Amino acid sequence: ALLGPLVTAGYRRDIGDKLNELPQHVVSTVKEGLAHAQAIAPAAGSKAELVLRTAQQSFVTGWQQAMWIGTAIMVFLLIYTLAKGPQQGTKQTDRHVVTPPNEASISDNATY
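Residues numbered from 1 in each chain as written. Predicted model: local features only at pLDDT ≥ 70, side-chain atom pairs only at ≥ 80, totals over all residues. Heavy atoms only, no water.

**Examining the nonpolar core**
Formed by 14 residues in total, the largest nonpolar core has its most connected members in Leu22, Val30 and Val51. Among the elements of the structure, α1 (3-15), α2 (24-30), α3 (34-40) and α4 (48-84) are those that each provide at least two residues to this core. With residues near it in sequence (within four places) discarded, Val51 still touches Leu22, Val30, Ala37, Ala41 and Ala44. (Core = buried A, V, L, I, M, F, W, Y, C linked by side-chain atoms within 4.5 Å. Buried < 20%, exposed > 50% of the residue type's maximum accessible area, 1.4 Å probe, protein only. Helix = DSSP H or I, 4+ residues; strand = E, 2+ residues; numbered from the N terminus. Contact = heavy atoms within 4.5 Å.)

**What about the pattern of salt bridges?**
Applying the stated criterion to the full structure yields 1 salt bridge. A salt bridge links Asp14 to Lys18, with the nearest nitrogen and oxygen atoms 3.0 Å apart. Take Asp14: its relative accessible area is 22%, and that puts it in the partly exposed class. Taking relative accessible area as the criterion, Lys18 reaches 41% and is therefore assigned partly exposed. (Salt bridge = Lys/Arg side-chain N within 4 Å of Asp/Glu carboxyl O.)

**A word on the packing of α1 against α4**
Running from N to C, α1 and α4 point in directions that differ by 135°, and their axes come no closer than 7 Å. By the criterion of interaxial angle, the relationship of α1 to α4 is oblique. As for how α1 packs across α4, the hand of that crossing is right-handed. Its residues placed into classes, the contact of α1 with α4 shows 11 nonpolar, 8 polar and 2 charged. (Axes fitted to C-alpha atoms, helices over the stretch in contact; angles between N-to-C directions. Parallel < 35°, antiparallel > 145°, perpendicular 65-115°, else oblique. Left-handed = near helix turned anticlockwise from the far one by under 90°. Nonpolar A, V, L, I, M, F, W, Y, C, P; charged D, E, K, R; others polar.)

Laid out in structure tokens, this is it:
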């Protein structure tokens, strides 16, 4: 859930001003996301391939940035867990072990 918005932000940041030579309505639609870029590409005429390639590259860039952030979070959590996890020498609580009574004590106390 955290990485999705990061992909979107990375996409929008990367696509930035790469498509300035296109009409504004095309650029604003492309900035909304990869699916929007694929839908509006035919409206770009001879620049349709440029729109698609730029959108795909920007998506990959956004995805890579999100994955690096996710990796950094996981590394931090690993280090935190190793540092703050169970410590050696901690006192273990007494465990209650239930042992079955031996047969002699059962037969001695049995009433018939």
